[in-house]
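Chain by chain, the residues run as shown.
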Amino acid sequence: MTLCFYCGEGTELTRGKIVILGEGRQLSMSPCARCADWMREGIILIGVVLGKSAKGWNDAPKTPEARAIWYPDPYRSGAIANMRDETFLKAFKAGPTVAFGLKKRWMFLEHGDGVKLGMWDALPTNP
Ligand SMILES: [Zn+2]
């Protein structure tokens, strides 16, 4: 089964880039219907814990074949939220990460930073 890269739910979508991440998870970079809605409404924030991430989670493979199915794969806390553009621009300082979020409509967010922002209020806070 292919999973939505953003929320991790199963999706029938197999178009667009498919990446294979840890434990053989096959993820579609094309958002599922819910994530596509969220991307139209705002920016998806995916909670991650860099301290629990596997060594080299952000190191691209050397060969083009391996790079073609790779994507940075930090440890995910399970938290996911959506933030409207105007709030996003107030919450984060302008820079490359914010530019990425605005363009791609998602970004990883350190779980602890999301706690400080009150992003995960309805979710467990100790991943
Ligand atoms: Zn999704």
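Residues numbered from 1 in each chain as written. Predicted model: local features only at pLDDT ≥ 70, side-chain atom pairs only at ≥ 80, totals over all residues.

Chemist: Help me understand the overall build of the chain, please; the structure alone is not making it clear to me.
Modeler: Helix and strand counts for the chain come out as five helices and seven strands. Secondary structure of the chain in N-to-C order comes out as β-β-β-β-α-β-α-β-α-α-β-α. Relative to the globule expectation of 14 Å for 127 residues, the C-alpha radius of gyration of the chain, 15 Å, shows essentially globular dimensions. For the chain, the spread of C-alpha atoms along the principal axes amounts to about 40 × 30 × 30 Å. Counting all 127 residues of the chain, 24% fall into the buried class. Partitioning the intrachain contacts of the chain with sequence separation of at least 6 by distance along the chain shows that 63% fall at a separation of at least 24. (Helix = DSSP H or I, 4+ residues; strand = E, 2+ residues; numbered from the N terminus. Rg over C-alpha atoms; globule rule 2.2 N^0.38 Å. Buried ≥ 20, exposed ≤ 12 C-beta atoms within 10 Å, placed from the backbone. Contact = placed C-beta atoms within 7 Å.)

Chemist: Explain the sheet that holds strand β5 (residues 43-48) to me, please; I cannot follow it from the model alone.
Modeler: Hydrogen bonds between backbone atoms are what pair the strands of a sheet, whose relative direction is either parallel or antiparallel. Read across the sheet, three strands follow the order β6-β5-β7 without closing on themselves; strand pairing throughout is mixed. A strand with exactly one partner marks an edge of an open sheet, and here the two such strands are β6 (76-83) and β7 (106-110). Between one strand and the next, the sheet's axes are offset by a mean angle of 25 degrees, whatever the strand orientation. The strands touched by helix α1 (residues 33-41) are β5, β6 and β7; relative to β5, the strand with the most contacts, the crossing angle is about 115 degrees. Helix-sheet contacts for helix α4 (residues 96-104) involve β5 and β7, and the interaxial angle to β7 is about 140 degrees. (Pairing = 2+ DSSP bridges. Axes fitted to C-alpha atoms, helices over the stretch in contact; angles between N-to-C directions.)

The quantities given are spatial measurements derived from coordinates; they are silent on function.
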